[in-house]
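# Secondary and tertiary structure notes
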Amino acid sequence: MLKLILTFIFFFIISCSSNDKDELINDQSVYDNNTYQDFELFNKAKKNITNKQFDLALIQLDKIEVLFPNSIYANKGMLLNAYINFLLKDYEKTRAIAENYKKYYPGSADIIYANYLEAMTYFVLIKKSGYSQENANIALNKFTFILNAYPNNKYEIDIITKIDLINNNLANGKIETAKFYLTQGNNTGALVYLLDIFNNHSSSSSIEETLFYLTKTYNDIDEYDLAKKYASILAYNFPDSNWYQKAYNIVNNLDYMGEDKNWFMLLNPIKILKNNSEKKPSNSDIQSLE
């Protein structure tokens, strides 16, 4: 009877408060009086997450770890713990838990999610003020690793969308740097960034502007063949672009252009595959563990 009363008191406390995590975890009765199975605790944790009761969810997951250390739900609970810390914006802790998961469960089918969570901790920082593009590069490398190491995984579409967003972010930063160098008369410095965009971010939203500045810069330094090359790529891929019209005006004195709207075909231009405009960017959204 005493045990039944204590159990009732414990669950009454749980139902009335979601902010006394430390006090509850330090109370041994949390573990001694547990009457739930591992899967029930796991489902309770997921429900608490849905209700944004993160402290309660962490308590449930801690109980699984302590009372059912060999359970498959202890395995999944570790990743759910990392997910909660991600939602709480504790990215360092999220990464630490994800790394530990990969170390402890190298053969787990959910190791993809551990890698995904870790990549997301860098992705969400891309547009935060005060952060460099290093976060974008790290996120890009980690997302690319997942696609290569785990083809056709269930996060693939989401990851591809995020890679597109990262490429746009990196390209936008690089083209701004290139334009700054051009204002300083440093054509060589500008070309380093413009060629980087062309070679590594050709599917980005900045590619049209990049091709224009490549045309203009090479024309300015009397590299006319290269100016023709990038103008032809711009004309072939984006014939209706305002950037192409500007590029055409720069090189319109070249004898092969004339009135032929297909002049660029003489140079066998490159076909550029741009982002699928029908994709809906997911920005900072993260998929939860199923």
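Residues numbered from 1 in each chain as written. Predicted model: local features only at pLDDT ≥ 70, side-chain atom pairs only at ≥ 80, totals over all residues. Heavy atoms only, no water.

### Considering the overall build of the chain
Helices and strands together make up the secondary structure of the chain, namely 14 helices and 0 strands. Secondary structure elements in the chain, listed N-terminal to C-terminal, are α-α-α-α-α-α-α-α-α-α-α-α-α-α. Buried residues in the chain amount to 45% of all 290 residues. When contacts within the chain are restricted to residue pairs at least 6 apart in sequence, long-range pairs at least 24 apart make up 64% of them. Carbon and sulfur atoms make up 50% of the accessible area of the chain, which amounts to about 16000 Å² in all. (Helix = DSSP H or I, 4+ residues; strand = E, 2+ residues; numbered from the N terminus. Buried < 20%, exposed > 50% of the residue type's maximum accessible area, 1.4 Å probe, protein only. Contact = heavy atoms within 4.5 Å. Areas by Shrake-Rupley, 256 points an atom, 1.4 Å probe, with all protein chains shown as cover.)

### Brief notes about the packing of aromatic side chains
Under the definition given, this model contains 17 aromatic pairs. Arranged with centres 6.4 Å apart and planes meeting at 55 degrees, the rings of Tyr 116 and Phe 143 form a pair that is tilted. Remark: Phe 143 occurs in helix H9 (residues 134-149) and Tyr 116 occurs in helix H8 (residues 111-123); sequence separation between them is 27 residues. Taking relative accessible area as the criterion, Tyr 116 reaches 0% and is therefore assigned buried. When the ring of Phe 212 is compared with that of Trp 243, the centres are 5.3 Å apart and the planes differ by 40 degrees; the resulting orientation is tilted. A residue pair is termed long-range when its members are at least 10 positions apart, and Phe 212 in helix H12 (residues 207-220) and Trp 243 in helix H14 (residues 242-250) qualify at 31 residues. Taking the relative accessible area as the measure of exposure, Phe 212 reaches 7% and is therefore buried. Taken together, the ring pairs connect Tyr 113, Tyr 116, Phe 123, Phe 143 and Tyr 155 into an aromatic cluster. (Phe/Tyr/Trp six-rings, centres within 6.5 Å; stacked < 30°, edge-to-face > 60°.)

### Thoughts on the environment of Ile 126
Within the element layout of this structure, Ile 126 appears in the loop between H8 and H9. Distance from Ile 126 to Asn 137, taken between C-alpha atoms, is 9.3 Å for residues 11 residues apart in sequence. For Ile 126, the residues in contact, after removing those within four places along its chain, are Ala 136, Ile 166 and Asn 169.

### Describing unusual backbone geometry
Most peptide bonds take the trans configuration, and most residues that are not glycine carry a negative phi. Although it is not a glycine, Lys 52 sits at a positive phi angle of roughly 60 degrees. Of note, Asn 152 is a non-glycine position whose phi angle comes to about 60 degrees, a positive value.

### Section: the packing of helix H4 (residues 38-50) against helix H6 (residues 72-87)
Closest axis-to-axis distance for the H4/H6 pair is 11 Å, and the angle between their directions is 15 degrees. On the basis of their axis angle, the class for H4 and H6 is roughly parallel. Here the hand of the crossing between H4 and H6 comes out left-handed. Here Asp 38, Phe 39, Phe 42, Ala 45, Lys 46 and Ile 49 of H4 come into contact with H6, specifically with Tyr 73, Lys 76, Gly 77, Leu 80, Tyr 83, Ile 84 and Leu 87. Grouping the amino acids of the contact of H4 with H6 by side-chain chemistry returns 9 nonpolar, 1 polar and 3 charged. (Axes fitted to C-alpha atoms, helices over the stretch in contact; angles between N-to-C directions. Parallel < 35°, antiparallel > 145°, perpendicular 65-115°, else oblique. Left-handed = near helix turned anticlockwise from the far one by under 90°. Nonpolar A, V, L, I, M, F, W, Y, C, P; charged D, E, K, R; others polar.)

### Concerning H9
Between its first and last C-alpha atoms H9 spans 22 Å; for 16 residues at 1.5 Å apiece the expected length is 22 Å, and the two agree. Taken as a whole, H9 has its buried residues at Asn 135, Ala 136, Ala 139, Leu 140, Phe 143 and Ile 146. An end-on view of H9 places all buried positions within 130 degrees of arc, on one side of the element. Residues of H9 that are exposed and angled more than 90 degrees away from the buried face: Glu 134, Asn 141 and Asn 148. At its buried positions, H9 is contacted by H8 and helix H10 (156-183). (Expected span 1.5 Å × (residues − 1). Arc of directions from axis to C-beta.)

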